[in-house]
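Residues per chain, in single letters:
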Amino acid sequence: QMQLVESGGGLVQAGSSLRLSCAASGRGFNTYLVAWFRQAPGKEREFVAAEPYTIYSDSVEGRFTISRDNTKNTVSLQMNSLKPEDTAVYYCAADLRLTLAGLKGPGRYAYWGQGTQVTVSS
């Protein structure tokens, strides 16, 4: 069983940076596919980035960086040049399968964190 806990969200101004962290408990975290999703009010959950493939959505490419530290069982999301449209609850998700199929779909992932709020003011 894999448990995920996100942290690092907050309220920032446009142009600022934030670093989100996803801490995992459970065996074999280094073998899991891990992704970040986000969900804004009234919108569907949206793919942001995935590791180990370092795949990004078009909306964050070049501004966000996903990274993993297997010694600490964490996956981080460095978010730079934040925009008001980045405002959302950000979720960490994990799946034991490393295949690419359906990687950007939330239904693919078996494990989810509780989410952390990111609010970007203009």
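Keep in mind that what you see is a predicted model, and the values were worked out from it rather than measured.

So what exactly am I meant to see when it comes to the overall build of the chain here?
Secondary structure summary: the chain contains 0 helices and 11 strands in total. Element order for the chain, N to C, with α for helix and β for strand: β-β-β-β-β-β-β-β-β-β-β. A globule of 122 residues ought to have a C-alpha radius of gyration of about 14 Å, and the chain, at 13 Å, matches this closely. Each principal axis of the C-alpha atoms in the chain carries an extent, and together these give about 40 × 25 × 25 Å. Expressed as a percentage of contacts within the chain between residues at least 6 apart in sequence, the contacts between residues at least 24 apart total 60%. Of the roughly 6200 Å² of accessible surface on the chain, a fraction of 49% belongs to carbon and sulfur atoms. The averaged location of the 10 negative side-chain charges in the chain is 4 Å from the averaged location of its 12 positive side-chain charges.

Looking at this model, I keep getting lost on the sheet that holds strand S1 (residues 3–7). Mind explaining?
Taken in spatial order, the 4 strands make up an open sheet running S1-S3-S8-S7, and their pairing is antiparallel. Because the sheet does not close on itself, it has two edges, and the strands there are S1 and strand S7 (64–69). Across this sheet, the average inter-strand angle for adjacent strands is 15 degrees, counted without regard to direction. Pairing analysis gives 6 bridges linking S7 to strand S8 (residues 74–79), with the strands arranged antiparallel. Paired with Asp-69 across the bridge in S8 is Thr-74.

Help me understand the packing of aromatic side chains, please; the structure alone is not making it clear to me.
Each aromatic ring pair is described using two quantities: the centre-to-centre distance and the angle formed by the ring planes. If you walk through the whole model with that rule in mind, you get 6 aromatic pairs. Taken together, a centroid distance of 5.4 Å and an interplanar angle of 75 degrees make the contact between Phe-37 and Tyr-109 edge-to-face. Linking Phe-37 in strand S4 (residues 33–39) with Tyr-109 in the loop between strand S9 (88–95) and strand S10 (111–112), this pair joins segments that are 72 residues apart in sequence. A single burial state applies to Phe-37 and to Tyr-109, both of which are buried.

Got a minute to help me understand the environment of Ser-81 in this structure?
Looking at the element boundaries, Ser-81 is found in the loop between S8 and S9. For the pair Ser-81 and Leu-18, spaced 63 residues apart in sequence, the C-alpha to C-alpha distance is 9.2 Å.

How should I be thinking about the state of the cysteines in this particular structure?
Disulfide: a covalent bond connecting the sulfur atoms of a pair of cysteines. Within this structure, the stated rule accounts for 1 disulfide. Disulfide partner of Cys-22: Cys-92, at an S-S distance of 2.0 Å. Sign of the S-S torsion, about -75 degrees for the bond between Cys-22 and Cys-92, identifies this disulfide as left-handed. Here Cys-92 lies in strand S9 and Cys-22 lies in strand S3 (residues 18–25), a separation of 70 residues in the sequence. No difference in accessibility class separates Cys-22 from Cys-92, as the two residues are buried.

Parameters and conventions
Residues numbered from 1 in each chain as written. Predicted model: local features only at pLDDT ≥ 70, side-chain atom pairs only at ≥ 80, totals over all residues. Heavy atoms only, no water. Helix = DSSP H or I, 4+ residues; strand = E, 2+ residues; numbered from the N terminus. Rg over C-alpha atoms; globule rule 2.2 N^0.38 Å. Contact = heavy atoms within 4.5 Å. Areas by Shrake-Rupley, 256 points an atom, 1.4 Å probe, with all protein chains shown as cover. Lys, Arg positive; Asp, Glu negative; His and termini not counted. Charge placed at Lys NZ, Arg CZ, Asp CG, Glu CD. Pairing = 2+ DSSP bridges. Axes fitted to C-alpha atoms, helices over the stretch in contact; angles between N-to-C directions. Phe/Tyr/Trp six-rings, centres within 6.5 Å; stacked < 30°, edge-to-face > 60°. Buried < 20%, exposed > 50% of the residue type's maximum accessible area, 1.4 Å probe, protein only. Disulfide = S-S within 2.5 Å.

Structural measurements only, silent on function.
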